[in-house]
Amino acid sequence: MDWGRTQFFWAEVAQNFTRNAAMALTAIGTVAISIVVLGVFLFARSSFNLLLNNVVNKVDIAVYLKDEATPADIDTMMRQLRADPRVDNVRFVSKQEALETLRKRLAGQVNLGLINVNPLPNSFVVHTIDPGDVPPLAGELQAKPQVAFVNYGSKVTEKLLVIRRVLGTIGLGVIVLLLVATALIIYNTIRLTVFARQREITIMQLVGATNWTIRWPFVFEGLLTGLAGGLIGLLVLWPAYQTLAPKLTLNLPFLPLNLADVSVGHIALELVLVGAVVGMLASWLSVSRYLRPA
Amino acid sequence: MIVFEDVSLVYPNGVHALSNISLNVARGEFLFLVGSTGQGKSSVLKCIYREACPTSGDVVVDDWRLSTLPHGKVPFLRRKVGVVFQDFKLLRGKTVWENVAYALQVTGATSRDVARRVPRALELVGIAHKSKMFPHELSGGEQQRTAIARSLVNNPLIMLCDEPTGNLDPETSSEIMALLARINSKGTTVVVATHNQASVDRMRRRVVRLVHGRIAHDEERGRYHVGLG
Ligand SMILES: Nc1ncnc2c1ncn2[C@@H]1O[C@H](COP(=O)(O)OP(=O)(O)O)[C@@H](O)[C@H]1O
Ligand SMILES: [Mg+2]
């Protein structure tokens, strides 16, 4: 591209902004507002997912072994569990350890000195990477001959897992709907800015401009509008997050939620991308509609 | 340069605008297209720059057969054909200078070319002193001149003018007509749709009269009204 044409292109983009300033600003403002709404929802969803995961992740499987299990059996099982790709970590709790723990917990309430045999079994505490693997893995372990019984608070855990699945699906649905709504709002706003220049587009065609010569500055303008709207949206969201997040964590200390773990940077990037991409596509589609086939 | 081969044009709403028009305009010719309003003058011009496509028949412009011209070529046809529209069709958001430059810039002209040719066109039509103004700040005659400057800035083979003196006072009208004659004398084929009787009678060029979309009369060195002299 030679310098004259590049200059012409940028001058066109700049003129579209400066000579239709009110319209351009309205479009940017509208994009910014829809990005803020989308941002709040994305953040809420991320926090909520994090919260649920934190709750569900607390679930462990306690595997109580029969007294007949030899140290060799225990060793083999330990190795098998460690090798299992679903397993995050495994801890062996010996009879003695279990008794010590119980002693400490009941200290001053019950005199365990009276007991001279240890009734507690050896056990494993297994933590899985995905909480969803807890029920099937527990079932498999229960089937082993050395295992006396397995406990993972099955009723509660299964309910939590169902809740997580349902809420996850609903959340995804809401986000998809909201994304569609945001895209439509941005599309319509930009379509109006193009519509206002329908006559100009026709004239450009009549004086011999090719469709691409007309289209590119518009597409670029759409991209910049989306980008500007997205960035302004972020400028609103960021301070709001900075001030509100700590308060939220303070006021809800019973929730196992650390808002610092929400990937805010990721969400920010998504928002700006949504603005830019939708803005560009919107311009593209709108101009193409007014570029009458000659 | 321009050939109409038995052209008929029916608009989508069913109006028969042109019926069996056959016409041959030679390179460098100056032609008046006359007829009262609604007789099809603008429609003839639209067929030349492909804003309208004949329902039957064909138009050939500088060896380009328009019925088979691909869509992608239409912009290039329009660069050969400078059009001065009845309603000027200036870009509102651009100054006089920018309006004229635009027609050049879309052809991929370098900025040096633009800087050289735009002032020349503006001076030729006598609007250079208003080059920083926007169309709404201009009088009708000044807008007309801007439109003419835009249509000739990239040296078109053909210039089409749709009622270029439509709303102008007699004095400005003759200036504009003189300007068109000057452009024609440099080799550009010029077709002017008009009902400005005075200019037509004074200039004595080829006159084609349209009545109800048909050619009623075609005369070299003609007058506005047939049989009056
Ligand atoms: N775009 C259009 N759609 C439908 N009818 C049209 C259109 N343009 C012109 N006409 C009709 O075609 C006829 C010729 O119009 P036109 O060529 O504009 O005449 P002139 O330029 O001589 O005044 C008129 O009856 C007019 O109403
Ligand atoms: Mg007309």
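Above this text you will find the structure in question.
As the structure is a prediction and not an experimental result, all values here were calculated from the model.

A. Quick peek at unusual backbone geometry. All names here are of chain B. Here the phi dihedral of F88 falls at roughly 65 degrees; this positive angle occurs in a residue that is not glycine. On the secondary structure map, F88 appears in the loop between strand 6 (81–84) and helix 3 (96–105). Look at F88 and you get buried, because its relative accessible area is 12%. Phi is positive for N155, close to 45 degrees, though the residue is something other than glycine. Structurally, N155 is set in the loop between helix 5 (140–152) and strand 7 (158–162). Accessibility expressed as a relative area gives 59% for N155, which makes it exposed.

B. Highlighting the sheet that holds strand 9 (residues 206–211) of chain B. All names here are of chain B. Reading across from one edge, 6-7-8-3-9-10 is the order of the six strands in this open sheet, with mixed pairing throughout. The strands lining the two open edges of the sheet, one partner per strand, are strand 6 and strand 10 (214–219). Between one strand axis and the next, the sheet turns through 15 degrees on average, direction left out of account. With four bridges joining them, strand 6 and strand 7 adopt parallel strand pairing. Bridge assignment links V84 to a residue of strand 7, and that residue is C161.

C. Region of interest: the interface of chain B and chain A. Contact residues are listed per partner, giving 27 residues for chain B and 23 residues for chain A. With both sides pooled, the region where chain B packs onto chain A buries about 2,300 Å², and carbon together with sulfur makes up 57% of that total. It is R78(B), L91(B) and Y102(B) in chain B that bury the most area against chain A; as a group they hold 23% of the surface buried on that side. As a salt-bridge pair, E98(B) and R19(A) come within 2.7 Å of each other at their nearest N and O atoms. For the interface between chain B and chain A, the tally reads nine residue pairs in polar contact (both at pLDDT 80 or more). Broken down by element, the side of chain B that touches chain A gets its largest block of residues, five residues, from helix 2 (residues 74–80) of chain B. In terms of residue class, the side of chain B that touches chain A is built from eleven nonpolar, seven polar and nine charged.

D. A look at the environment of D62(B). Residues and elements named next belong to chain B. Relative to the elements of secondary structure, D62 occurs in the loop between strand 4 (56–61) and strand 5 (64–65). For D62, a relative accessible area of 17% corresponds to the buried category. Leaving out residues up to four positions away in the same chain, D62 has contacts with M1, R27, K80 and L157.

E. Expanded view of the site of ligand 1. Residues and elements named next belong to chain B. In the vicinity of ligand 1, the contacting residues are Y11, N13, V15, A17, T37, G38, Q39, G40, K41, S42 and S43. The separation between an oxygen atom of ligand 1 and a polar main-chain atom of G38 is 2.6 Å. S43 is positioned with one of its side-chain polar atoms (N or O) 2.5 Å from an oxygen atom of ligand 1. Relative to its unbound accessible surface of 560 Å², ligand 1 loses 67% to contact with the protein.

Rules used in this analysis
Residues numbered from 1 in each chain as written. Chains lettered and ligands numbered in written order. Predicted model: local features only at pLDDT ≥ 70, side-chain atom pairs only at ≥ 80, totals over all residues. Heavy atoms only, no water. Helix = DSSP H or I, 4+ residues; strand = E, 2+ residues; numbered from the N terminus. Buried < 20%, exposed > 50% of the residue type's maximum accessible area, 1.4 Å probe, protein only. Pairing = 2+ DSSP bridges. Axes fitted to C-alpha atoms, helices over the stretch in contact; angles between N-to-C directions. Contact = heavy atoms within 4.5 Å. Buried area = accessible area lost by both parts, 1.4 Å probe. Salt bridge = Lys/Arg side-chain N within 4 Å of Asp/Glu carboxyl O. Polar contact = N/O pair within 3.5 Å; in protein donor to acceptor, adjacent residues only side chain to side chain. Nonpolar A, V, L, I, M, F, W, Y, C, P; charged D, E, K, R; others polar. Near = heavy atom within 4 Å. Areas by Shrake-Rupley, 256 points an atom, 1.4 Å probe, with all protein chains shown as cover.

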